[in-house]
Amino acid sequence: MKVPPQIALLAIIARYGKPTLSELASAVSYLSKRYGIDFGYKFTDNNKAIGVPKELLADINTLRLLNLVEVVGDRVAVSEKGLEVLSRAAKADNTIREILGRDLTQNLHQR
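Calculation criteria
- Residues numbered from 1 in each chain as written.
- Predicted model: local features only at pLDDT ≥ 70, side-chain atom pairs only at ≥ 80, totals over all residues.
- Heavy atoms only, no water.
- Pairing = 2+ DSSP bridges.
- Helix = DSSP H or I, 4+ residues; strand = E, 2+ residues; numbered from the N terminus.
- Buried < 20%, exposed > 50% of the residue type's maximum accessible area, 1.4 Å probe, protein only.

Visitor: So what exactly am I meant to see when it comes to the pairing of strand S2 (residues 75-78) here?
Guide: Remark: a regular strand shows side chains that alternate across the two faces of the sheet. As defined by bridge partners, strand S1 (residues 69-72) adjoins S2 across four bridges and the pair is classed as antiparallel. Bridge pairing in S2 links valine 69 to valine 78. Connecting the antiparallel pair S1 and S2 is a turn made up of two residues, with glycine 73 showing a positive phi of about 65°.

Visitor: Got a minute to help me understand helix H1 (residues 5-15) in this structure?
Guide: An α-helical segment advances 3.6 residues per turn. Residues three or four places apart therefore align on the same side. Burial within H1 is extensive, with eight of its eleven residues counted as buried. When H1 is considered as a whole, its buried residues turn out to be Ile7, Ala8, Leu9, Leu10, Ala11, Ile12, Ile13 and Ala14. Looking one or two residues beyond H1, the residue adopting positive phi is glycine 17, at roughly 80°.

Have a look at this one:
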């Protein structure tokens, strides 16, 4: 099963708790290379920090409009509905389970 990039993004947000947009961009950049997920984001790396691509902001906004994430200030958190979606996705997809890690995947399966 090919993982939709927005679901993988949701898993990355869950893995890192309540990341800032900058932290999220760094995590997505790293994990996209590790798992070979093409998010379609264009990262700029100025050797100090990774910029936040506008496509990433658009996906976060989409997840927010679907009530899968909550945005407070510059931090993003997975909502209860988002956790339910991730629980189903983790049961069906190995990449999502790997992104979430063993502890978080076990917690989601107990839901």
